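Report on the structure
Each chain, letter by letter, is given below.
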Amino acid sequence: MARNVNFDLNHPQMEAGLESPVDEEGVHDSFHQLINEQTQRGARSDAFELQPLQEDLEQENEDEILYMPDSRGDLRDQRRHGRGEDLVEDESQTDPLIADRWSSATLKILSSMPSRTIGRSRGAIISQYYNRTMKLRRRKQSRPTIHEFSRSARPSILGYGMETDGTEEETKKRERLVNNLQNLSVSDRVRMLRGMPLSVPEKRELRRLALQKERRTLSGSQIPCYSRLKYYIIIAVRHGWYSLLSFLHSLQLWQVALKRVSGRFGTGVLSYFLFLKTLLFFNLFLFLVTGVFLVLPQAVHPPKLLQERPKFAGLELLTGAGYFTDTVMYYGYYSNYTLLRGCDHGGKNESDQTSPECEPGRLSYKMPLAYFFTISMSFFITCIILVYSMSKTFGQSFRIDKSHSILAMKVFCSWDFKVIKGSSVQLMSENICTQIKELLAEVNHKKVTITMCQRLRKLMIHTLAWLICITCSTACLLGIYYLSEHMHQNLQHSVRFIQDPLVNEASLLALPVVVSLINMLLPGLFYLAAWMEDYESPSVRTYVAICRNLMLKVSILGVLCYHWLYRVASNPSSIGLPCWETFVGQELYRFLLMDFIFTLLDTLCGELLWRVFSEKVLQRRRKPVFDIVRNVLELIYGQSLAWLGVLFTPLLPAVQILKLLLLFYIKKSSVMMNCQAPRKPYRVSQMTTIFITLLCFPSFLGASVCVTYTMWSITPSSSCGPFRELKTMFQAGKIWVQELEKDNPKLSVLASVHTYLVENPFFLFVGAGIFLIVIYFHIQVVDGQRKIISLLQEQIQNEGEDKKFLITRLQSVHEKKKSPARRLTSQDSSC
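Just so we're clear, the structure is a prediction, and the values are computed from it rather than from any experiment. (Residues numbered from 1 in each chain as written. Predicted model: local features only at pLDDT ≥ 70, side-chain atom pairs only at ≥ 80, totals over all residues. Heavy atoms only, no water.)

**Notes on unusual backbone geometry**
One can expect most non-glycine residues to show negative phi and most peptide bonds to be in trans. Note the following rule: Secondary structure follows DSSP: runs of H or I at least 4 residues long count as helices, runs of E at least 2 residues long count as strands, and numbering of each begins at the N terminus.
Phi at Asp534 is positive, roughly 55°, even though this residue is not glycine. Considering the arrangement of structural elements, one finds Asp534 in the loop between helix H21 (510-533) and helix H22 (538-570). In the Ramachandran plot, Glu725 falls in the positive-phi region, its phi being about 65° despite a non-glycine side chain. Following the sequence through the fold, Glu725 ends up in the loop between helix H26 (687-713) and helix H27 (731-743).

Shown next as structure tokens:
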């Protein structure tokens, strides 16, 4: 509907740079006047002012009807002269608003709508923006605004050359617009050019002309030397800043590789590599914390070893024992006394003892306390980061995500016109093409209605598949349980009867090899069960695979934790282990290394050999599809081992970092060479959220419970480690608080706070509950925002229907006001 024009030049959008013809009412009104001029062919008024809707309704006696100078107007002329009745049918199919014969007042309203006037005349656009540049110049010269003039004294749009008198007049308008653009500041000029509803080549030409005239002006005038130097310095600083930003952008890890993977295989495969990158940063954080606060101080002040370190035999790379046992890699190497700068402790093992020649005033570092608080704070900070990441991904994945709107945005708005490099253009086109395929697959996906017999058949197949998966998983778990018990008895037997140490170390690899073999083969059985079920939706197949593989991984880790924390830690003397923490750390190192080796074997046999066999033997170009769920859950399994082992092996995060780096390049090369994109492209919008959630709750939460149980309940070894001669590791903090209270009685409040807040597990559960409540409320807020957005979208659709209804009602009221004779005359003219 037409509204009064607001000529306020101090509007916030003028300053903010949000200038667009869609938001400027004056542009639409000037287009309306231009349409009237072009239709009437010479009938020109001295000034143009919008009239209210009531004045438009009074113009019923006008014989000439105003039309828009477009294809619809031509179609009406043809209909009026009786040349093409079929065109009228096409017209009515195109726009339902034109199916009826509208009156003069209705057509005026239709012609003044923004959607029907935008971009109709380039001359009108140039004249209008010439007007606006003049206003900007006047505003900067502190001239009064147009609101200070009376209505009769306001300048008319026609005064700025709105008429279209040919090419010469348009050229004059362009020259005047270029002169005004040249006199504007750089920011105003850029904002004005950006807001013009012209094509990109025309904007570029206007900017070139303005800059050309500005250079001539600058070259004709004499610029002082200090001004030139100032300009050169500003330009150099700006170029340096842009170069720095470009350099920092290029430092992003694996940016080009991730774009290539996304362009060829879609967002599902990309989510695996993004998750691997996330795990790399988690392990890098753990490595920096443990390296700075544990490894580095102990390496600077090494303790004296009671026996010589064995020679390096090579098998230690697989077992983690032998030469690596008495190093900073394992728990047993760390001392239980206070490290003082410049003191030689001489291998003292007494709790919290220092050499008598050391001055007590020197800088000290209490190793048991550092070990306890480093592990505790690293887990606490990791928990905060995980909760924040999970809540952030919840907000991103549960937003309204209608495929039709996103598809339109991808088609029309996803291209970056600043990309000019050939390889980057090709990469971007592949990426956009893959994303459009995923969106089209989601749009075209239809639910198939099935009969009751087909439902019963599918239910029986699903039940059979789940029974097979659960039975096989249970059998494998029982095998692991009895094998671990056999390994425990074998270890006791080897203590009684002395054997070759290399043979004993090699026998310890049996349990990690069997567990890794099960982790590699059993997901293949799950894949066959999913193939038997024949899910129609790829997303449903993905979620079912996540449930089955997660069930297997969690059960295996539960059996292993029971083996380590109950059998080994409860009675280490029976198996001849002087330091059971070091033995558990070595076990975790072996499991982590075997998992990496079997992952490489799976990549070699499952992807490379299958591709070669398919191309050479079967003579097909069919390649395997990258199994996202299986590979991601292998990453979660390996990260769980790293979190479990950081208490017993402070350098295990470094091993995990090296593993992830090698795994990224190996998997990326294998995916690009040996795999193909999924046959049914699908967009997994919540995949990252599911991965972060699985990493937080089953993985990190389980590792935190095991580590907390070890520090609070299990008695540490009495001959090694920083917590020797203590009942629990947790007593290190309690002893430190008691010493502070003895040295300064005023700190007795700190002892009470430590007793009630730290020693009491109730507050630990309260903190965990608060985190869960925060996550729950964040999910509820996001869900509320999703509902509000859906209601707003429905309201927008209803407003469009309201506009159509109001226009139809306006036409009906106008028809009722017509006289019967006038109505008959109009019907005769239409015939």
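Now that the structure has been shown, we can carry on.
**Some remarks on a nonpolar patch on the surface**
The condition that has to hold: Think of a patch as exposed residues, more than 30% relative accessible area, with no salt bridge, where like charges cluster within 9 Å and nonpolar side chains (Val, Leu, Ile, Met, Phe, Trp, Tyr) cluster within 5 Å. Surface accessibility in these figures is a Shrake-Rupley result with a 1.4 Å probe; residues are shielded only by whichever protein chains are displayed. Take a side-chain nitrogen of Lys or Arg and a carboxyl oxygen of Asp or Glu: if they are within 4 Å of each other, that pair is a salt bridge. Using a 1.4 Å probe on the protein chains alone, a residue whose accessible area is under 20% of its type maximum counts as buried, one over 50% counts as exposed, and one in between counts as partly exposed.
There is a patch of nonpolar side chains on the surface, built from Trp241, Tyr242, Leu244, Leu245, Phe247, Leu248 and Leu251 and spanning about 740 Å² of accessible area. Among the secondary structure elements, Leu251 is positioned in the loop between helix H12 (225-250) and helix H13 (255-265). Leu251 gets classed as exposed once you look at its relative accessible area, which sits at 52%.

**Examining the state of the cysteines**
Our working definition: Disulfides are defined as pairs of cysteine sulfur atoms found within 2.5 Å of each other.
Inspection of every chain in the model, using the stated rule, returns one disulfide. Across the disulfide from Cys579 sits Cys720; the S-S distance is 2.1 Å. Note on the Cys579 and Cys720 pair: the S-S dihedral is about 90°, so by sign convention the disulfide is right-handed. Residue Cys579 is found in the loop between H22 and helix H23 (580-616), and its partner Cys720 is found in the loop between H26 and H27; the two are separated by 141 residues along the sequence. The residues Cys579 and Cys720 share a single accessibility class, namely buried. Of the cysteine sulfurs around Cys469, a residue in no disulfide, the closest is that of Cys472, at 7.0 Å. Taking the relative accessible area as the measure of exposure, Cys469 reaches 0% and is therefore buried. In this structure Cys696 is not part of a disulfide, and its nearest cysteine sulfur, from Cys383, lies 6.2 Å away. Judged by its relative accessible area of 7%, Cys696 falls in the buried class.

**Structural notes on the pattern of salt bridges**
Enumeration according to the criterion identifies nine salt bridges in this entry. Where Glu739 meets Lys366, a salt bridge forms, and the shortest distance between an N and an O atom there is 3.7 Å. Here the residue Glu739 occupies a position in helix H27, and Lys366 occupies one in strand S2 (residues 364-366), the gap between them amounting to 373 residues. Residue Lys366 is classed as partly exposed on the basis of its relative accessible area, which comes to 22%. Between Glu485 and Arg567 there is a salt bridge, and its shortest N-O distance comes to 4.0 Å. One end of the pair, Glu485, is in helix H19 (residues 452-496); the other, Arg567, is in helix H22, with 82 residues separating them in the sequence. A relative accessible area of 29% places Glu485 in the partly exposed class.

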